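Observations on chain architecture
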Amino acid sequence: GDPESGIAHLRRSLEFHQLPEAFIDLCLVYQELGKLTDARELASRAVKEGIMWVDAWQRPGFMWPGLEAKPFWDPAQFSWIKELEGAFSTIQGEMMSLTQQWPQVGGSH
């Protein structure tokens, strides 16, 4: 179909229901058509209105509200870390057995 017609329908839908999915879809259409300024402006609106995203330049298709993006987390924040660390030997053994079988299951890449 006609991309401009699709854009018009998505824009109209945002006038009535400000669904995060509609913002995502319209931003993706803008990006696909090379209308990057339009995509950023729409994303800025979503950020400003608290609908979606935290930064107009970073527009993932899925967001978990309140989840922070940071490279390292304090293990004390997670109750399951001690159990995972306690299972290290078991996990390592399972991995080592898989690496011995790798040519059969994983190919040669």
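**Some thoughts on the packing of helix H1 (residues 3-16) against helix H2 (residues 20-32)**
- The contact between H1 and H2 brings their axes to 10 Å, and the two run at 150°. For the element pair H1 / H2, the angle class is roughly antiparallel. Here the hand of the crossing between H1 and H2 comes out left-handed. Side by side, H1 and H2 meet where Ile7, Leu10, Arg11, Ser13 and Leu14 of the first sit next to Ala22, Phe23, Asp25, Leu26, Val29 and Tyr30 of the second.
- Its residues assigned to classes, the contact of H1 with H2 comprises eight nonpolar, one polar and two charged.

**Here's the deal with the packing of aromatic side chains**
- Counting across every chain of the model gives two aromatic pairs.
- With centroids separated by 5.9 Å and ring planes inclined at 65°, the aromatic side chains of tryptophan 73 and phenylalanine 78 adopt a geometry described as edge-to-face.
- Taken together, a centroid distance of 5.6 Å and an interplanar angle of 50° make the contact between phenylalanine 78 and tryptophan 80 tilted.
- The exposure class of tryptophan 80 is partly exposed, given its relative accessible area of 47%.
- Taken together through their ring pairs, the aromatic side chains of Trp73, Phe78 and Trp80 make up a single cluster.

**Topic: the packing of H2 against helix H3 (residues 36-48)**
- Between H2 and H3, the shortest axis-to-axis distance is 7 Å and the interhelical angle comes to 160°. Taken together, the axis directions place H2 and H3 in an arrangement best described as roughly antiparallel. Here H2 runs over H3; the crossing is left-handed. Of the residues in H3, those touching H2 at Phe23, Leu26, Cys27, Tyr30 and Gln31 are Leu36, Asp38, Ala39, Leu42, Ala43, Arg45 and Ala46.
- Partitioning the contact of H2 with H3 into residue classes produces nine nonpolar, one polar and two charged.

**A word on a nonpolar patch on the surface**
- A contiguous nonpolar patch, built from Phe62, Trp64, Leu67 and Trp73 and spanning about 520 Å² of accessible area, is present on the exposed surface.
- Its place among the elements puts leucine 67 in the loop between H3 and helix H4 (81-86).

Rules used in this analysis
- Residues numbered from 1 in each chain as written.
- Predicted model: local features only at pLDDT ≥ 70, side-chain atom pairs only at ≥ 80, totals over all residues.
- Heavy atoms only, no water.
- Axes fitted to C-alpha atoms, helices over the stretch in contact; angles between N-to-C directions.
- Helix = DSSP H or I, 4+ residues; strand = E, 2+ residues; numbered from the N terminus.
- Parallel < 35°, antiparallel > 145°, perpendicular 65-115°, else oblique.
- Left-handed = near helix turned anticlockwise from the far one by under 90°.
- Contact = heavy atoms within 4.5 Å.
- Nonpolar A, V, L, I, M, F, W, Y, C, P; charged D, E, K, R; others polar.
- Phe/Tyr/Trp six-rings, centres within 6.5 Å; stacked < 30°, edge-to-face > 60°.
- Buried < 20%, exposed > 50% of the residue type's maximum accessible area, 1.4 Å probe, protein only.
- Patch = residues over 30% accessible without salt bridge, like charges linked within 9 Å, V, L, I, M, F, W, Y side chains within 5 Å.
- Areas by Shrake-Rupley, 256 points an atom, 1.4 Å probe, with all protein chains shown as cover.
- Salt bridge = Lys/Arg side-chain N within 4 Å of Asp/Glu carboxyl O.

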